[in-house]
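Inside the fold
Here's the letter readout for the chains.
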Amino acid sequence: MRAGTRAGTERIDELLRDRLLIMVNDRSAINVLPYVPVRRGGLVLTGAAAPARCRKIRNALPETVVVMDHGSHTHRVATPEAPFGLMSDRGWRDLDLSGLEEILDGQRTNGASYAVTPTCFIPVDEAGSAQVLAATIAQANQLRRVDTVVVLPCSWRWLRRCSVSLLAEQVRACRHPVALIMQSDGDPLERNQVAEGLRQLCRSCPRLVLWRTDLAAFDAMAHGALGAAVGVSAVLRHGVAPQPGNGGGGHKPHPVVLVRRLLRYHRVATLQDWFAHIDPWTCDCAICKGAALTRFSDRDADVIAALQHSVCELYALHEDLDATLAGDERIGWWRQQLADAWEYHRLLATQTGTEVSFPKVLQSWRRQSPVALPRAEERRGQNRSGPS
Ligand SMILES: [Zn+2]
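Residues numbered from 1 in each chain as written. Predicted model: local features only at pLDDT ≥ 70, side-chain atom pairs only at ≥ 80, totals over all residues. Heavy atoms only, no water.

What to know about the nonpolar core
Counting residues in each nonpolar core, the largest one holds 85 residues, and the members touching the most others are Leu43 and Leu180. Domain assignment of the residues forming this core places at least three in each of domain 1 (7-236) and domain 2 (256-356). Listed in part, the 19 residues of the second largest apolar core include Trp274, Cys283, Ile287 and Phe296. (Core = buried A, V, L, I, M, F, W, Y, C linked by side-chain atoms within 4.5 Å. Buried < 20%, exposed > 50% of the residue type's maximum accessible area, 1.4 Å probe, protein only. Domains from an automatic or database assignment.)

Right, dumping it as structure tokens:
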């Protein structure tokens, strides 16, 4: 039994390690699937039809990693009694341990490569939120299975200096790999201390995956995260606080593209402004084949092509990351990408005669990497000698 458990643990870690997943609504999954490399990619499906879509893809392509995320954190705040739950067409259901097992088994029955917990949102700064986090991990640790990733959808405030050590302790206490979602209105990494806190967390927690994110996936993996899942749309690139009526979609599609040189997503309209009077930058990915990045209109076909372009460029960047050795070599590679991006921002400003600011997130990634967080017992020793 024990040997089997260990083998299972290795298997799920090997499925996650250095793998970049694309998080996508079940309706768009087919559009991106052809551009997902089997060995180092995969899909996280969201949306009501995710189970059926997962089953279909896995039946047709059994080697492709596909999992699903019910997005429970967009519906409910976790409580110590009910950290897990699920929204279905019959309404909301709190999940006890057997209910949770049933949902995780259901994901596997529908072909998911591993199960993903339907965890509710974990806020901070409110009475008892540390208790909620601890209860989430404690309940997950009662699961007698080795095929599960525990999603932790946390407020960005958990990443601040005052709370990141507590978060790290709980992630390390988890028997399962943990997929961290950072919630914020807008980009969580623009909040103070978050970029540094995330790096410390990645360095301190060997079984951490960054989930529902953007290019932060690369900063996290450079700093020791096991893997990551990048969203195809803005709403899937960070966590969302629970609100009535969430998950309905209804956003207006406008083409957004990943500009790999700038390590940044931009609206095509912004690129069109920049390149109004000079030759636009082109792209050599499998979709663009040398065409200009400014060409995407807001027609459906162009919105899909823009999405496919971004997936191709993400995997091109990931191929480079994957070719490096984890540790100093990978961090060095990432620092070089950031240095190049800084040069490209300068070049763009010169070429276009406009002001192109270097984004705050990229600035914070250019800073020196922090060291790993001390373990709890070391921290208590430090606290005696002065403020933390
Ligand atoms: Zn392209």
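Back to the text.
Some words on the coordination of the zinc ion
Here the zinc ion is held by the protein donor atoms Cys283 (SG), Cys285 (SG), Cys288 (SG) and His309 (ND1), which lie 2.1 to 2.3 Å from it. In this structure, the zinc ion is coordinated by four donor atoms arranged in tetrahedral fashion, with angles at the metal of 104 to 117 degrees. Counting the intervening residues between successive donors of the zinc ion yields the motif C-x1-C-x2-C-x20-H. With cysteine 283 in the loop between α9 (268-274) and α10 (300-322) and histidine 309 in helix α10, this residue pair connects regions lying 26 residues apart in the sequence. Histidine 309 matches cysteine 283 in its accessibility class, with the two residues each being buried. (Donors = N, O, S within 2.8 Å, 3.2 Å for Na, K, Ca; no water. Tetrahedral: all angles 85-135°; square planar, octahedral: opposite > 155°, others 65-115°. Helix = DSSP H or I, 4+ residues; strand = E, 2+ residues; numbered from the N terminus.)

Considerations on the domain arrangement of the protein chain
Taken domain by domain, the protein chain holds domain 1 (7-236) and domain 2 (256-356). The gap between the C-alpha centroids of domain 1 and domain 2 is 27 Å. The partner domain 2 presents 22 residues to the 28 residues of domain 1 that form the contact. Of the roughly 2,200 Å² buried where domain 1 meets domain 2, counting both sides, 66% is carbon and sulfur surface. Summed over the three residues of domain 1 that lose the most area to domain 2, namely Tyr35, Leu215 and Phe218, the buried surface amounts to 31% of that side. Of the charged contacts, one joins arginine 330 and aspartate 18 as a salt bridge, the two residues approaching to 2.9 Å between their closest N and O atoms. (Contact = heavy atoms within 4.5 Å. Buried area = accessible area lost by both parts, 1.4 Å probe. Salt bridge = Lys/Arg side-chain N within 4 Å of Asp/Glu carboxyl O.)

A few points about the confidence of the model for the protein chain
With 92% of its residues at a pLDDT of 70 or more, the protein chain shows a mean pLDDT of 92. Contacts for the low-pLDDT stretch residues 384-388, under 50 throughout, to residues beyond four places or in other chains number one contact. (pLDDT = per-residue confidence, 0-100.)

Regarding helix α3 (residues 50-60)
Turning to α3, its buried residues number three or more, namely Ala50, Cys54 and Ile57. Along the axis of α3, the buried positions cluster into a sector of 75 degrees, meaning they face one direction only. Opposite the buried face of α3, at more than 90 degrees from it, the exposed residues are Lys56, Asn59 and Ala60. Looking at the buried side of α3, the elements it contacts are α2 (29-32), β2 (43-46) and β3 (66-68). (Arc of directions from axis to C-beta.)

Describing the packing of aromatic side chains
Counted under the stated rule, the structure contains five aromatic pairs. Between phenylalanine 275 and tryptophan 281, the ring centres sit 5.6 Å apart and the planes meet at 50 degrees, which makes this aromatic pair tilted. Of the two residues examined, phenylalanine 275 and tryptophan 281, each falls in the buried class. Aromatic pair tryptophan 334 and tryptophan 365: ring centres 5.7 Å apart, planes at 55 degrees, arrangement tilted. With tryptophan 334 in helix α11 (residues 328-352) and tryptophan 365 in helix α12 (residues 360-365), this pair connects stretches of sequence that are 31 residues apart. The pair formed by tryptophan 334 and tryptophan 365 is uniform in burial state, with each residue classed as buried. Aromatic ring contacts, followed pair by pair, group Phe218, Trp333, Trp334 and Trp365 into a single cluster. Sitting over the face of the ring of tryptophan 281, arginine 261 holds its NZ or CZ atom 4.6 Å from the ring centroid. (Phe/Tyr/Trp six-rings, centres within 6.5 Å; stacked < 30°, edge-to-face > 60°. Lys NZ or Arg CZ within 6 Å of the ring centre and 35° of its normal.)

Comments concerning the sheet that holds β2
Read from one edge to the other, the open sheet built from eight strands follows the order β3-β2-β1-β10-β9-β8-β7-β6, with strand pairing classed as parallel. Edge positions in the sheet fall to β3 and β6 (115-116), since each of these pairs with one other strand and no more. Examined bridge by bridge, strand β8 (residues 178-183) and strand β9 (residues 208-213) share three bridges and lie parallel to one another. Note that in β9 the partner of leucine 180 across the bridge is leucine 210. (Pairing = 2+ DSSP bridges.)

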